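# A closer look at the structure
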Amino acid sequence: MSSPLLEVEVLSTVFPGVPREVPVVDEVSFTIDEGEVLALVGESGCGKSMTALSVMRLVPKPGRIDRGRITMNGRDVRALSIPEIRKLRGHEISMIFQEPMTSLNPVVTVGKQVVEAIQLHEAVDFATARKRTIELFERVGIPDAAPRFDVYPHQLSGGLKQRVMIAMALSTRPKLLIADEPTTALDVTIQAQILELLRDLQRDSGMSILLITHDLGVVNELSDRVAVMYAGRIVEYADRDELYRSPAHPYSIGLLKSNPALSAPGQALPEIPGVVPPPNEWPAGCRFANRCERVLDVCRNEIPDATQTQENRTVSCHAVAAEVAGG
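All of the points below concern the structure found in this document. (Residues numbered from 1 in each chain as written. Predicted model: local features only at pLDDT ≥ 70, side-chain atom pairs only at ≥ 80, totals over all residues. Heavy atoms only, no water.)

### Digging into helix H2 (residues 82-91)
Within the sequence span of H2, burial applies to Ile85, Leu88 and Gly90. Packing partners of the buried residues in H2 comprise strand S4 (64-72), strand S5 (75-76), strand S6 (93-96) and helix H4 (110-121). (Buried < 20%, exposed > 50% of the residue type's maximum accessible area, 1.4 Å probe, protein only. Helix = DSSP H or I, 4+ residues; strand = E, 2+ residues; numbered from the N terminus. Contact = heavy atoms within 4.5 Å.)

### Remarks on the pattern of salt bridges
Tallied over the full model, the rule gives 24 salt bridges. The residue arginine 64 makes a salt bridge to glutamate 21 at a minimum N-O spacing of 2.7 Å. Taken as a pair, arginine 64 in strand S4 and glutamate 21 in the loop between strand S1 (6-15) and strand S2 (22-32) lie far apart in primary sequence, 43 residues in all. Among the salt bridges present, the one from glutamate 92 reaches arginine 75, with a minimum N-O distance of 3.7 Å. In this pair, glutamate 92 is assigned in the loop between H2 and S6 and arginine 75 in strand S5, connecting sequence segments 17 residues apart. Classification of glutamate 92 as buried rests on a relative accessible area of 11%. The class for arginine 75 is partly exposed, based on a relative accessible area of 32%. Taken together, the shared-partner salt bridges in this structure form one network comprising Glu21, Asp26, Glu27, Arg64, Asp66, Arg67, Arg233 and Arg287. (Salt bridge = Lys/Arg side-chain N within 4 Å of Asp/Glu carboxyl O.)

### Overview of helix H1 (residues 48-55)
The buried count for H1 comes to 7 of 8 residues, which makes it a mostly enclosed element. Those residues of H1 not exposed but buried are Lys48, Met50, Thr51, Ala52, Leu53, Ser54 and Val55. One or two positions beyond H1, positive phi appears at arginine 57, with a value near 55 degrees.

### Points about the side chain of threonine 109
In this fold, threonine 109 is placed in the loop between helix H3 (100-103) and H4. Classification of threonine 109 as buried rests on a relative accessible area of 14%.

### Regarding the packing of helix H7 (residues 158-170) against helix H8 (residues 188-205)
Running from N to C, H7 and H8 point in directions that differ by 15 degrees, and their axes come no closer than 10 Å. Looking at the two axes, H7 sits roughly parallel to H8. Both H7 and H8 take part in a crossing whose hand is right-handed. When H7 is examined against H8, the residues Gly159, Gln162, Arg163, Ile166 and Leu170 are found in contact with a partner set consisting of Ile190, Gln193, Ile194, Leu197, Leu198 and Leu201. (Axes fitted to C-alpha atoms, helices over the stretch in contact; angles between N-to-C directions. Parallel < 35°, antiparallel > 145°, perpendicular 65-115°, else oblique. Left-handed = near helix turned anticlockwise from the far one by under 90°.)

### With respect to the layout of surface pockets
By volume, the largest pocket amounts to about 650 Å³. Lining the largest pocket are 33 residues, and of these Ser29, Ile234, Tyr237, Ala306 and Thr314 sit closest to its centre. Among the secondary structure elements, those contributing two or more residues to the lining of the largest pocket are S2, strand S9 (225-230), strand S10 (233-239) and strand S12 (313-315). With 6 residues, S10 is the largest single contributor of residues to the lining of the largest pocket. For the lining of the largest pocket, the residue count by class is 13 nonpolar, 9 polar and 11 charged. A volume near 540 Å³ is recorded for the second largest pocket. Every element with two or more residues in the lining of the second largest pocket is listed here: H2, S6, H4 and H7. Here the lining of the second largest pocket is built from residues that sort into 9 nonpolar, 7 polar and 3 charged. (1 Å grid on protein atoms, 1.4 Å probe; cavity = no way out; pocket = protein on both sides within 12 Å on 5 of 7 lines; lining within 4 Å. Points joined across faces, edges and corners; volume = space filled by probe spheres on them. Nonpolar A, V, L, I, M, F, W, Y, C, P; charged D, E, K, R; others polar.)

### Focus: the sheet that holds S2
Read from one edge of the open sheet, 4 strands run S2-S1-S4-S5, paired in antiparallel fashion. If you trace the sheet from one side to the other, it starts and ends with S2 and S5, each paired once. Summarising the sheet, S4 and S5 pair through 2 bridges and their orientation is antiparallel. If you follow methionine 72 over to S5, its bridge partner there is arginine 75. H1 contacts S1, S2 and S4 of the sheet and is inclined by roughly 110 degrees relative to S1. (Pairing = 2+ DSSP bridges.)

### A look at empty space enclosed by the protein
Any space left empty among the atoms is revealed by the rolling of a water-sized probe across them. Counted according to the given criterion, the structure contains 2 cavities of 30 Å³ or more. Reported here for the largest cavity is a volume of approximately 60 Å³. What lines the largest cavity is simply His249, Pro250, Cys286, Phe288, Ala289, Cys292, Arg294, Cys299, Cys317, His318 and Ala319. A per-class count over the lining of the largest cavity returns 8 nonpolar, 2 polar and 1 charged. Counted as a void, the second largest cavity has a volume near 30 Å³. Leu216, Val228, Leu243, Ser252, Leu255 and Leu256 are the residues that line the second largest cavity.

Right, here's the structure in full:
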């Protein structure tokens with residue numbers, strides 16, 4: 001059996017705090033195989049984007065990766081030198097950041113920004129990079145691709161800006177694309193177009209995708225497997241169809257029940273009571289305990305280990321572990 005393209009093992013990323021450092025990503029583990037789409041899903045502030053930035057070694061200061069292993073295509077990412085990690089980001093991993101409106105330089109034409117990305121990683125002249133940029137614009141569905149090479153970001157709609165960001169991410173033919181909330185702030189029609197584009201690009205190129213989102217509708221459209229994240233930890237890890245058919249963790253169950261796209265028309269949506277605690281207030285035990293209908297005494301004092309409930313599924317829940325142990 002071949003090794004995963006990306007393997008993340010017990011990754012923890014911390015920021016300064018009082019009286020101790022605060023983990024915002026806490027012992028996170030997952031793998032992504034070649035050609036696979038893994039969705040990392042959870043509420044805002046749960047640590048999804050920081051997980052992606054950690055994989056890219058782009059954690060903003062004063063944060064830092066405290067421990068864990070990140071292996072990309074057999075290479076230890078944490079052990080790479082600065083020149084090596086910069087080369088890896090372009091040639092093997094690319095990222096679509098959350099806000100195309102703020103990710104593009106407002107005073108440089110969109111075409112030149114993609115050309116710069118190409119020339120940063122390849123020894124090609126401007127004319128060659130320009131030709132490839134226009135081809136990329138056409139590939140991601142930007143109309144009038146050649147004239148749009150010379151426009152500035154403010155002259156484009158949100159959907160076209162997002163397509164420029166996707167073109168830039170694809171410009172160096174990465175093996176892994178990290179898409180951080182790729183449809184945020186776009187209207188429903190444009191969201192559907194971007195999702196269809198990502199699905200087509202992934203199918204045609206065979207690249208892997210780490211999809212970061214809070215939208216379970218997006219997860220259902222694109223992903224092969226799903227890692228559900230809550231308060232810095234992965235609480236359920238399963239094939240997409242299995243998760244949607246029978247979620248096991250109480251948080252996963254609540255997420256699916258409260259999603260309008262997955263509910264019957266006119267049906268009242270149940271809410272998950274309470275709010276996600278901030279990292280500096282995480283409890284000693286299970287971080288979902290104060291919002292959980294199945295809470296046990298042990299939940300308030302001990303963080304649950306990941307219990308394998310099926311061949312490709314793990315759940316971090318004391319109640320689920322008790323069920324498995326009891327047969």
